[in-house]
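Understanding the architecture of this molecule
So the chains spell out like this:
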Amino acid sequence: DTGPATSRWTEMQLDMIKTHRPNPPRASRGLALLHIAVFDAVVAAWHAKYTYNFPAPSTVDPTLTPALPPRNNPSYPSEHAVVAGAAAQVLKHLFPRQGADWFEAKAREAAASRVWAGVNWPSAVEQGLALGRAVADRVLAQAAADGANAPWDGKRPTGVCYWKATPPGFVYPPLEPVWGQVRPWLLTSGDLFRPRGIPSCGSAEERAQMLEVYRTVNNLTAEQKRIASFWDDGPGTFTPPGHCAEIALRLADRYQISTPRAARLFAYQGVAAMVAGVCVWDAKFAYWSLRPVTYIQDYVDPNWTSFITTPPFPGYVSGHSGFSGASTTLLGYMFPQEKATLQAMAAEAALSRLYGGIHIRADNEVGLTMGRRIGALACA
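Residues numbered from 1 in each chain as written. Predicted model: local features only at pLDDT ≥ 70, side-chain atom pairs only at ≥ 80, totals over all residues. Heavy atoms only, no water.

Observations concerning the state of the cysteines
Here, the word disulfide means a covalent bond between the sulfur atoms of two cysteines. What the rule picks out here adds up to 1 disulfide. The disulfide that involves Cys161 links it to Cys201, with 2.0 Å between the sulfurs. Measuring handedness by torsion sign, the sulfur bridge of Cys161 and Cys201 sits at about -80° and is left-handed. Here Cys161 is found in the loop between helix H6 (122-143) and helix H7 (204-218), whereas its partner Cys201 is found in the loop between H6 and H7, with 40 residues between them in sequence. For Cys201, a relative accessible area of 39% corresponds to the partly exposed category. Free of any disulfide, Cys244 has its nearest cysteine sulfur in Cys379, 14 Å distant. Judged by its relative accessible area of 18%, Cys379 is buried. (Disulfide = S-S within 2.5 Å. Helix = DSSP H or I, 4+ residues; strand = E, 2+ residues; numbered from the N terminus. Buried < 20%, exposed > 50% of the residue type's maximum accessible area, 1.4 Å probe, protein only.)

Considerations on the nonpolar core
Core analysis: the largest hydrophobic core is formed by 88 residues, its most contacted members being Trp9, Val38, Leu265, Met370 and Ile374. If one sorts the elements of this core by residue count, helix H10 (residues 259-287) sits on top with 16 residues. Beyond its immediate stretch of four places on either side in the chain, Trp9 contacts Val83, Ala84, Ala87, Ala88, Leu91, Phe103, Lys106, Ala107 and Ala110. Among the nonpolar cores identified, the runner-up in size contains 12 residues, and Val293, Tyr295, Leu354 and Ala362 belong to it. (Core = buried A, V, L, I, M, F, W, Y, C linked by side-chain atoms within 4.5 Å. Contact = heavy atoms within 4.5 Å.)

And the structure:
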């Protein structure tokens, strides 16, 4: 009963991301799917509430003293049950190793808590769970055809100008090489925001930007190290899109928004981040650009390494910059009083990749601009 009915489920999904370690594009897709299902289910629930206008138990029986304050909306169906039904159904699909029974038990506990508290009838809870599950099944059916599991044909450009596996793990194949072909929710295809302006291979501009990374990492201040580490968001964390969802959770709590408003907030924030991931990955595997560690070890200093671990996929453009730009633009629209702070956070997240030694400046700046354009589309 802390905040909107959605909050515990967002927290649970973030914990699942830390534990089960989906990569950033898949984490962004999962966050979008859960919150699309929850939002649509809440819209359907509110339609039913004001169709039936069913009173709360304490209204019918004045001798009943609820353990929690009654909500100021009709009690049928229970919003906690609706959200639980939708969220658990999606999470079962996303994290099968956790076990469907585990999520089902959480959903039933969340729903039953409203009966125990005396604020909902058993029928409001049972019908709420059923409604949430039905909506989630429709979302998952649509997602099944989005191309997220398409195979890679193994084709890639070769030569000194193109990405190759990076130390220390030299992981190959690269992570999610066809993710740019996943069907995004706001666009017809992931190439609609494909950027231009990558420094050309062998150019003075490319060398200057690579040397900027080299000198920056060799002379990092304590504050720059803190920034790089804070926004690292590597495996075993919430990942970059999850970090953005965590920021949204804090804002929802600070401003005490309602369940419908929270459902809307997280649906659009999740969709903006997922679309940013699709568009960023389209650019990455359109250009196959070198990472700084490859260029610097080949042409500048064979013993150099990045401050944070270089992830196993091409550089242009920065994923973190895209995720952060899209998410903070959407959040700034929802919370205009926080807009300047959120924009500064996104800029810092983008710059952190330079401090970490894993992206040149063009990767970050173009990725941030792309993300902000996608966020503006989500706002519209």
